[in-house]
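Take a look at the letters that make up each chain.
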Amino acid sequence: MTTYGIAVVAPDLPALAATAAAADRAGFDAVWASEFYSRSGSISMAAMALSTKSCRIGSSILYGVGRSPLVLASEARDLDELSHGRVVLGIGNGTKRMMSDWHGIADTSAPALRMEELVPLVRRIWNLHEGPIRHEGRFYRMNLVPTGEVAPPTRDIPIITAGVRPRMCEAAGRVADGLAGHPLFTTTYVEEVVRPAIAKGAAHAGRPPSDIEVISMVMCSIHDDPDVARRELAQQIAFYASVKTYEPVLDVNGFVKQGQVIREAFARRDLTAMFDAVSDDMIDTMGVAGTASQVRDGLRRYEGVLDHVMLYPPSIAIAPERVQENLDSLIAIHPAGAQ
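Residues numbered from 1 in each chain as written. Predicted model: local features only at pLDDT ≥ 70, side-chain atom pairs only at ≥ 80, totals over all residues. Heavy atoms only, no water.

An unreviewed UniProt entry lists the chain under the name Luciferase, from Mycobacterium noviomagense.

How do you make sense of the overall build of the chain when you look at a structure like this?
In terms of helices and strands, the chain carries 14 helices and 12 strands. For the chain, the C-alpha atoms occupy an extent of roughly 60 × 40 × 35 Å along the three principal directions. Burial status across the chain gives 54% buried among its 339 residues. Within the chain, contacts between residues at least 6 apart in sequence are counted, and of these 71% link residues at least 24 apart. For the chain, the computed accessible surface area is about 14600 Å², with 53% contributed by carbon and sulfur atoms. Between the mean site of the 33 positive side-chain charges and the mean site of the 40 negative ones, the chain shows a separation of 5 Å. (Helix = DSSP H or I, 4+ residues; strand = E, 2+ residues; numbered from the N terminus. Buried < 20%, exposed > 50% of the residue type's maximum accessible area, 1.4 Å probe, protein only. Contact = heavy atoms within 4.5 Å. Areas by Shrake-Rupley, 256 points an atom, 1.4 Å probe, with all protein chains shown as cover. Lys, Arg positive; Asp, Glu negative; His and termini not counted. Charge placed at Lys NZ, Arg CZ, Asp CG, Glu CD.)

Honestly, the layout of surface pockets in this entry has me stumped. Any pointers?
Take a probe with the size of a water molecule and roll it over the atoms, and the empty space left behind shows itself. Taken as a whole, the second largest pocket encloses approximately 280 Å³ of empty space. Lining the second largest pocket are 16 residues, and of these Arg 77, Trp 126, Pro 152, Pro 153 and Thr 154 sit closest to its centre. At five residues, helix H3 (residues 69–82) tops the list of elements feeding residues into the lining of the second largest pocket. Split by residue class, the lining of the second largest pocket holds 10 nonpolar, two polar and four charged. (1 Å grid on protein atoms, 1.4 Å probe; cavity = no way out; pocket = protein on both sides within 12 Å on 5 of 7 lines; lining within 4 Å. Points joined across faces, edges and corners; volume = space filled by probe spheres on them. Nonpolar A, V, L, I, M, F, W, Y, C, P; charged D, E, K, R; others polar.)

Can you walk me through the packing of aromatic side chains in this structure?
Two aromatic rings, taken as a pair, are described by how far apart their centres are and by the angle between their planes. Enumeration according to the criterion identifies seven aromatic pairs in this entry. Centroid distance Tyr 63 to Trp 102: 6.3 Å. Interplanar angle 90°. Geometry classified as edge-to-face. Of the two residues, Tyr 63 sits in strand E4 (residues 62–63) while Trp 102 sits in helix H4 (residues 96–102), which places them 39 residues apart along the sequence. Pairwise contacts between aromatic rings join Phe 36, Tyr 37, Tyr 63 and Trp 102 into one cluster. Sitting over the ring of Phe 266, Arg 269 keeps its end group 4.6 Å from the ring centre. (Phe/Tyr/Trp six-rings, centres within 6.5 Å; stacked < 30°, edge-to-face > 60°. Lys NZ or Arg CZ within 6 Å of the ring centre and 35° of its normal.)

So what exactly am I meant to see when it comes to helix H14 (residues 320–333) here?
Think of an α-helix as turning once every 3.6 residues; residues three or four places apart then point the same way. Given a rise of 1.5 Å per residue, 14 residues ought to cover 20 Å, and the 20 Å separating the end C-alpha atoms of H14 matches this to within 8%. Taken together, the buried positions of H14 are Arg 322, Val 323, Asn 326, Leu 327, Leu 330, Ile 331 and Ile 333. (Expected span 1.5 Å × (residues − 1).)

Please clarify how the UniProt feature "domain: Luciferase-like" (unreviewed entry) in the chain should be interpreted in this entry.
UniProt's feature table lists "domain: Luciferase-like" (unreviewed entry) at residues 11–305, given in the numbering used throughout. Helix makes up 49% of residues 11–305 and strand makes up 16%, while its end C-alpha atoms are separated by 32 Å. (UniProt positions renumbered as here; feature names shortened; annotations may be inferred.)

Explanation requested: the pairing of strand E8 (residues 159–162) in the structure shown.
The two faces of a sheet get side chains in turn, since along a regular strand they alternate between them. Because side chains alternate across E8, one face comprises the buried residues Ile 159 and Thr 161, and the other comprises Ile 160 and Ala 162, equally buried. Across three bridges, the pairing between strand E5 (residues 87–92) and E8 is parallel. For Ile 91, the partnering residue across the bridge sits in E8 and is Thr 161. Across three bridges, E8 lies against strand E9 (residues 178–181) in parallel orientation. (Pairing = 2+ DSSP bridges.)

Right, here's the structure in full:
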């Protein structure tokens, strides 16, 4: 059965915590924190952990490249303790430009191999009671000898890894408990590209693909005026489609020409032209927008395609008050009902 969560977008931590609490009370399976140059995902998760009681607390995503494996493992372990065992650790690299320009990573090659080295190392750190860690890898080096007895972990914290292109999706199948999909994911892309890539990775690891939870953001906008909701969704689609890295998603869905126009408008910093270049079929394929009943009905197409749907409110060129209004509306419709 497909479960539902909320990607919590908020201007400050108190608002984030309040929205997470509302989603928890409404019976959502999970609340998800994001990370950007203006917000720490781990601190956001802590705020949500303290304001909720039952739902999973996930990161979609924390930058794995922005932390050492030791810091990443320690943060996740502390957050899991704080939430009484409800954390889902979602980690990703970001784009190559983000890796180099934001995090100062010199070697941005082979991002899938980097993730396949990082995830087992984090798990090994969580199990330091098994003995010292001496790791000499392509991307990470560690010589960790505990100074005293180390207690075993209270549980295995699930790890999901971000992926868009097939090789990164395959990495989730190889080493992770789930895949954190991109907001541009469509049902076609998940069925034709994502799930086969995960299955390939899972086969390499000798496990069934059903062991990997397929999670993805789904852009959603609710407004009494459907045209307003559709325009908001178009703005968010244009923002992501302006990044050439995501062109394979557009290609599979037949939107390469629109993507080219969007990128050309972005290069001119012409936001209006960017938004106008998003066609109606892109809006209908890459998200769900309309009245509350239209959005609830539209979300049904993800049933059985995604294991977990992360409802994601558009925020590009949208006032924070309107983003919060949309979040409140998304919480109110709760597509799966109380769980």
